[in-house]
Amino acid sequence: MFNIFKKKKEEVKESQFLPLKVREVVRETEDTVTLYFEQPEPFLDYKPGQFLTLVMDFEGKEQRRSYSLCTSPYVDPFPGISVKRVPKGKFSNFLNEFVFPGKTINVLKPLGNFTTDFHSKNKKHFFLVAAGSGITPIMGIMKSVLVNEPNSKVSLLYCSRNENQIIFKKEIESLVEKNTDRLEVIHNLSQPSTEWTGMKGRLTKENILEFAKKAEAEPDFEKEYFACGPEGIMDNVVTVLDELGVPSEKVHRESFYSAAADKAHDDAAHGITGELMTRDVTVILEGDESLVTVAPDKTILEAGLGQDLNMPYSCQSGLCTACRGRLLSGKVKMDEDAGLSPNELEAGYVLCCVSHPLTDDVKINIE
Ligand SMILES: Cc1cc2nc3c(=O)[nH]c(=O)nc-3n(C[C@H](O)[C@H](O)[C@H](O)COP(=O)(O)OP(=O)(O)OC[C@H]3O[C@@H](n4cnc5c(N)ncnc54)[C@H](O)[C@@H]3O)c2cc1C
Ligand code: FES
């Protein structure tokens, strides 16, 4: 039965949001800041590599952005996020400039699949590739491996623009000092100073291949791969690992930005909507069915929120899977599907924040 009134946003908002108080603000580089939060009661329950969704009002409108936790629940007493400025970006510039200890920020509970299970008996070699702010979830994962798995090793390939742009430089150096036999860090700088003697230039497939091939020399270590950074680097990592025959379930990737979703948004704003037309979509939210009318310039999420449905979401770019639902009937067009694994796509999952109905019988179940 349709019930468009049952899951109104306001009714559940209060219970969904968790107010976190900023405890400390640490400037990592000229354009990146780390915010540590006081522990709420009960303690924030998160897995290394997961992200928080920050909820703030800009120009009277509620907006959300995802930020990976850079801390490890096994090591760090206080949860933290690191935020790098994006030119003209609303959240990233605000968080870099105007946030001080004592400020409270509403967040949604931690989410995300860019993580793994840690166990003291594991004997794994973790290959981590990070670029720019992509180091944030990798930091949490790296620290968690080192503290929980005495028989495991970590190799990190970390790309930054220059020496001054290396986020967590000191913390990484200190981890290497304490774990010389288990942690190897290779920095790749795209525009280093003339004194730099390490790896430099654009990270190529050959560089990634050389890094990943080290795994072949260690047959007795199980391998696991994590990559977080711009789409180009991530695509190269995935291609190289695929060519090396690494099973896809051992490769985890996280993207922070989707050019495809951005373009689709821009096109919609300019009335470029191609084959799309206004259609009704049935959205099942925690068992309640609602009929949502989706105009060609809107995604299913935007239309649902516009009708006051309390649909879950975070990044709105098809990357974080917070808005994931299973397509029960009909066809949709997704502007971006990087957030979904091949298995999820096969199982019929769609991301409502980048989906548009292509047929009149679209029915989506959001669990
Ligand atoms: C799962 C997940 C985890 C994330 N974790 C982090 C994190 O740990 N640290 C962090 O700093 N960011 C992280 N992000 C990115 C973050 O959520 C925001 O997208 C970013 O801070 C930009 O938001 P903004 O409000 O400042 O910019 P907006 O106001 O949203 O955008 C301003 C302009 O910049 C463009 N733009 C936005 N992001 C980018 C980008 N990355 N590259 C190029 N152009 C862009 C937009 O298209 C727009 O034109 C994460 C994103 C996801 C999906
Ligand atoms: S809200 Fe992040 S994938 Fe849809």
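Looking up the protein in an unreviewed UniProt entry gives the name Ring-1,2-phenylacetyl-CoA epoxidase subunit PaaE, with the organism given as Algoriphagus chordae. What UniProt records for the protein under Cofactor (unreviewed entry) is the sentence "FAD".

A.B. asks: A description of the overall build of the protein should follow, citing residues and the corresponding values.
C.D. replies: In terms of helices and strands, the protein carries nine helices and 19 strands. Here the C-alpha radius of gyration of the protein, 21 Å, is about what a compact globule of 367 residues would show, namely 21 Å. Buried positions account for 49% of the 367 residues belonging to the protein. Intrachain contacts of the protein at a sequence separation of at least 6 include 70% that bridge at least 24 residues. For the protein, the accessible surface area stands at approximately 17900 Å², while carbon and sulfur atoms represent 50% of it. In the protein, which carries 44 positive and 56 negative side-chain charges, the distance between the mean positions of the two groups comes to 2 Å.

A.B. asks: Pulling in residues and values, what's your account of the UniProt feature "domain: FAD-binding FR-type" (unreviewed entry) in the protein?
C.D. replies: Look at the UniProt record and you will see "domain: FAD-binding FR-type" (unreviewed entry) annotated at residues 15-117. Structurally, residues 15-117 comprises 10% helix and 46% strand, and the distance from its first C-alpha atom to its last is 29 Å.

A.B. asks: Mind laying out the site of ligand 1, listing which residues take part and the relevant values?
C.D. replies: Taken together, 23 residues form the shell around ligand 1, and within it S66, Y67, S92, T136 and D262 come nearest. Separating an oxygen atom of ligand 1 from a side-chain N or O atom of Y67 is a distance of 2.7 Å. S82 is positioned such that a nitrogen or oxygen atom in its backbone is 2.8 Å from a nitrogen atom of ligand 1. Against a free-state accessible area of 930 Å², the protein chains account for coverage of 78% of ligand 1. Those elements that provide at least two residues to the shell around ligand 1 are β4 (61-68), β5 (80-84) and α2 (90-97).

A.B. asks: Give me the lowdown on the environment of F43, citing residues and values where you can.
C.D. replies: Locating F43 in the fold gives a position in the loop between β2 (32-37) and β3 (51-58). A C-alpha to C-alpha distance of 9.3 Å links F43 and F78, two positions 35 residues apart in sequence.

A.B. asks: Requested: an account of the sheet that holds strand β6 (residues 104-111), with residues and values cited.
C.D. replies: Strand order across the open sheet formed by six strands is β4-β3-β6-β1-β2-β5, with antiparallel pairing between neighbours. Among the strands making up the open sheet, the edge pair consists of β4 and β5. Direction aside, the axes of adjacent strands within the sheet are offset by 40° on average. Note: β3 against β4, eight bridges, orientation antiparallel. Bridge pairing links L54 to R65 in β4.

A.B. asks: A description of the domain arrangement of the protein should follow, citing residues and the corresponding values.
C.D. replies: Segmenting the protein into domains produces domain 1 (9-111), domain 2 (124-254) and domain 3 (270-366). Computed from C-alpha coordinates alone, the two centres of domain 1 and domain 3 are separated by 26 Å. Tallying the contact residues gives twelve residues for domain 1 and ten residues for domain 3. Scanning the region where domain 1 abuts domain 3 turns up zero salt bridges. Taken together, domain 1 and domain 3 are joined by four residue pairs in polar contact (both at pLDDT 80 or more). Of all the secondary structure elements, the ones that give two or more residues to the side of domain 1 that touches domain 3 are α1 (9-16), β3, β4 and β6.

Cut-off values and rules
Residues numbered from 1 in each chain as written. Chains lettered and ligands numbered in written order. Predicted model: local features only at pLDDT ≥ 70, side-chain atom pairs only at ≥ 80, totals over all residues. Heavy atoms only, no water. UniProt positions renumbered as here; feature names shortened; annotations may be inferred. Helix = DSSP H or I, 4+ residues; strand = E, 2+ residues; numbered from the N terminus. Rg over C-alpha atoms; globule rule 2.2 N^0.38 Å. Buried < 20%, exposed > 50% of the residue type's maximum accessible area, 1.4 Å probe, protein only. Contact = heavy atoms within 4.5 Å. Areas by Shrake-Rupley, 256 points an atom, 1.4 Å probe, with all protein chains shown as cover. Lys, Arg positive; Asp, Glu negative; His and termini not counted. Charge placed at Lys NZ, Arg CZ, Asp CG, Glu CD. Near = heavy atom within 4 Å. Polar contact = N/O pair within 3.5 Å; in protein donor to acceptor, adjacent residues only side chain to side chain. Pairing = 2+ DSSP bridges. Axes fitted to C-alpha atoms, helices over the stretch in contact; angles between N-to-C directions. Domains from an automatic or database assignment. Salt bridge = Lys/Arg side-chain N within 4 Å of Asp/Glu carboxyl O.

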